[in-house]
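Read off the chains here:
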Amino acid sequence: MIDRRHALLGTLATALVAGGATAQTRPPGATGRLPDPVETIDLWPNGAPGAPPVPPVETITQRSTNPALSDRSVSGIATPRLVVFRPAVPNGSAALVMPGGGYVRIVIDKEGYEIARWLAARGWTVFVLFYRLPGDGWAAGPDVALSDAQRAMRLIRARAGIYDLRADRIAAMGFSAGGHVCGDLATRFDARTYAPVDAADRQSARPDAAAPIYAVQSMTLPLGHTGSRARLLGANRTPAQERAHSTALNVTATTPPCFLLHAEDDGTVDVGNTVAFRAALKAAGVPVETHLFAHGGHGFGLRGTVGKPVAAWPDLFLAWAKAQRLG
């Protein structure tokens with residue numbers, strides 16, 4: 001039986017979340033094939049810092065021709081926010097999910113909502129991050145997505161009680177360019193990329209575990225992904241900037257345990273990105289589990305794994321997460 005105190009706290013938490021949600025920006029993306037979530041959290045109470053003179057315009061593109069399968073992307077994020085997926089029975093763990101898109105767009109379904117639904121069905125509370133893009137003229141430049149990821153992690157930790165979470169059981173997961181955001185967060189969580197705006201910024205931005213999936217990691221050639229590198233650092237990039245945003249060069253003993261996944265036949269992001277990051281983690285004494293699959297290509301998420309050995313990856317992640325006392 002639930003005691004009266006627990007019931008009252010649950011009612012209060014629900015009221016707080018509901019009250020906050022009504023003033024928040026709607027999730028990006030209409031015309032999904034499945035019902036979209038409705039609960040969001042705007043990251044910045046007074047608007048995102050360092051806005052360009054002409055803010056970007058949020059644009060949704062439906063890339064799927066299959067009426068049963070949605071594949072949306074969003075560009076021009078002006079109001080960075082979290083889209084919340086609540087489990088029926090929370091297990092106390094949370095995941096901050098950062099979809100990819102080459103720093104040109106952010107994939108909504110394939111690397112966002114689909115993995116969020118999958119994890120939520122297994123008890124995780126999931127927050128999908130729609131982060132600002134560096135090519136849109138924000139003052140933070142190459143650090144703009146990292147700023148949003150840091151702020152997101154701090155907000156999740158500050159609201160752990162509202163969402164029935166353990167503040168020490170919050171993981172980060174990212175795909176492709178979102179995997180670079182994830183790796184940046186794991187290695188530079190304490191970098192000062194923005195001025196604090198409220199009490200939430202007293203929280204740590206360090207994830208308790210990180211899972212960069214077929215991730216962009218290096219910004220130096222020959223490993224660097226050409227498109228992500230150009231969008232993140234711009235045309236006038238310097239070798240110093242390339243090194244500063246190459247995650248393997250920023251690993252320290254405080255980097256959280258990592259789960260790494262890549263297909264060796266990835267024709268978009270060289271598997272060497274993951275191999276180099278693993279080597280840096282090992283050298284720093286950071287626990288790391290690595291899964292390299294012979295076949296899978298790039299951008300497989302969940303839907304692209306059907307009939308392939310790489311389909312095992314979500315369960316491998318869950319088993320690893322449990323070993324890290326998550327999930």
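Computed from a prediction, not measured in an experiment: that's the story for all the values here.

1. Quick word on the packing of helix α3 (residues 144-158) against helix α4 (residues 177-188)
Running from N to C, α3 and α4 cross one another at 65 degrees; their axes reach a closest spacing of 9 Å. Judged by the inter-axis angle, α3 sits roughly perpendicular to α4. In terms of crossing hand, the pair formed by α3 and α4 is right-handed. For the pair α3 and α4, contact is made by A145, L146, A149, Q150 and M153 and by V181, D184, L185 and R188, respectively. When grouped by side-chain class, the residues that make up the contact of α3 with α4 number 6 nonpolar, 1 polar and 2 charged.

2. Here we look at the environment of T59
Examined against the element boundaries, T59 turns out to sit in strand β2 (residues 59-62). Along the primary structure T59 and L69 are separated by 10 residues, whereas in three dimensions their C-alpha atoms are 20 Å apart. Discounting chain neighbours no more than four positions away, the residues touching T59 are S73, V74 and S75. In this structure the side chain of T59 is engaged in a polar contact, spanning 3.2 Å, whose partner is the backbone oxygen of V57.

3. Remarks on the nonpolar core
Judged by nonpolar contacts, the single largest core of 88 residues is most densely connected at L96, W124, F127, W313 and F317. The leading source of residues in this core is α3, at 8 residues. Residues within four places of F127 in sequence aside, it is in contact with I41, L82, V83, V84, A94, A95, L96, V97, I156, Y163 and L165.

4. A closer look at the sheet that holds strand β9 (residues 209-213)
Sheets are built from strands paired through backbone hydrogen bonds, the pairs being either parallel or antiparallel. Read across the open sheet, the 8 strands follow the order β1-β4-β7-β5-β8-β9-β10-β11; overall the sheet is mixed. Because the sheet does not close on itself, it has two edges, and the strands there are β1 (40-42) and β11 (288-293). Each strand of the sheet is rotated relative to its neighbour by a mean of 15 degrees, with strand direction disregarded. Alignment of β9 against strand β10 (residues 258-263), held across 2 bridges, turns out to be parallel. Looking at β10, one finds that A210 is bridged to C258. Where helix α7 (residues 272-283) meets the sheet, its contacts fall on β9, β10 and β11, and the angle it forms with β10 comes to roughly 155 degrees.

5. A short note on helix α8 (residues 313-323)
Three or more residues of α8 are buried, namely W313, P314, F317, L318, W320 and A321. Axial view of α8: buried residues confined to an arc of 165 degrees, hence all on one face. Of the exposed residues in α8, the ones pointing more than 90 degrees away from its buried face are K322 and A323. Along its buried surface, α8 packs onto α2 (109-120), β8 (170-175), β9, β10 and β11. One or two steps after α8, the chain reaches R325, where phi turns positive at roughly 70 degrees.

6. Describing the pattern of salt bridges
Here the structure, examined in full by the defined rule, presents 15 salt bridges. When the shortest N-O distance is used, the salt bridge between D109 and R72 registers 2.7 Å. On the criterion of sequence distance, the pair formed by D109 in helix α2 and R72 in strand β3 (residues 72-75) is long-range, its members being 37 residues apart. The same class applies to D109 as to R72, namely buried. Look at the salt bridges and you will find they share partners, linking D36, R72 and D109 into a network.

7. A short note on the confidence of the model for the protein chain
Chain-level statistics for the protein chain give a pLDDT mean of 91 and a share of 91% at 70 or above. The low-confidence segment residues 1-22, where pLDDT is below 50, has 9 contacts with residues more than four positions distant or belonging to other chains.

8. Some remarks on the layout of surface pockets
Over the atoms rolls a probe the size of a water molecule, and in doing so it shows where empty space is left. Taken as a whole, the second largest pocket encloses approximately 200 Å³ of empty space. Around the second largest pocket sit 16 residues that line it, and G100, G101, G102, S176 and H298 are the ones nearest its centre. Mapped by element, the contributors of at least two residues to the lining of the second largest pocket are α2 and α5 (226-233). For the lining of the second largest pocket, the class distribution of residues is 2 nonpolar, 10 polar and 4 charged.

9. Remarks on the packing of aromatic side chains
In the structure shown here, the tally under the stated rule is 11 aromatic pairs. For the pair F127 and Y163, a centre-to-centre distance of 5.3 Å together with 85 degrees between the ring planes defines the contact as edge-to-face. With F127 in strand β7 (residues 125-130) and Y163 in the loop between α3 and β8, this pair connects stretches of sequence that are 36 residues apart. Classification of F127 by relative accessible area gives buried; the value is 0%. For Y163, a relative accessible area of 5% translates into the label buried.

10. As for the side chain of R229
Mapped onto the secondary structure, R229 falls in helix α5. Excluding residues within four positions of it along the chain, R229 makes contact with M219, T220, L221, G234, R237 and E242.

Cut-offs used in this document
- Residues numbered from 1 in each chain as written.
- Predicted model: local features only at pLDDT ≥ 70, side-chain atom pairs only at ≥ 80, totals over all residues.
- Heavy atoms only, no water.
- Axes fitted to C-alpha atoms, helices over the stretch in contact; angles between N-to-C directions.
- Helix = DSSP H or I, 4+ residues; strand = E, 2+ residues; numbered from the N terminus.
- Parallel < 35°, antiparallel > 145°, perpendicular 65-115°, else oblique.
- Left-handed = near helix turned anticlockwise from the far one by under 90°.
- Contact = heavy atoms within 4.5 Å.
- Nonpolar A, V, L, I, M, F, W, Y, C, P; charged D, E, K, R; others polar.
- Polar contact = N/O pair within 3.5 Å; in protein donor to acceptor, adjacent residues only side chain to side chain.
- Core = buried A, V, L, I, M, F, W, Y, C linked by side-chain atoms within 4.5 Å.
- Buried < 20%, exposed > 50% of the residue type's maximum accessible area, 1.4 Å probe, protein only.
- Pairing = 2+ DSSP bridges.
- Arc of directions from axis to C-beta.
- Salt bridge = Lys/Arg side-chain N within 4 Å of Asp/Glu carboxyl O.
- pLDDT = per-residue confidence, 0-100.
- 1 Å grid on protein atoms, 1.4 Å probe; cavity = no way out; pocket = protein on both sides within 12 Å on 5 of 7 lines; lining within 4 Å.
- Points joined across faces, edges and corners; volume = space filled by probe spheres on them.
- Phe/Tyr/Trp six-rings, centres within 6.5 Å; stacked < 30°, edge-to-face > 60°.

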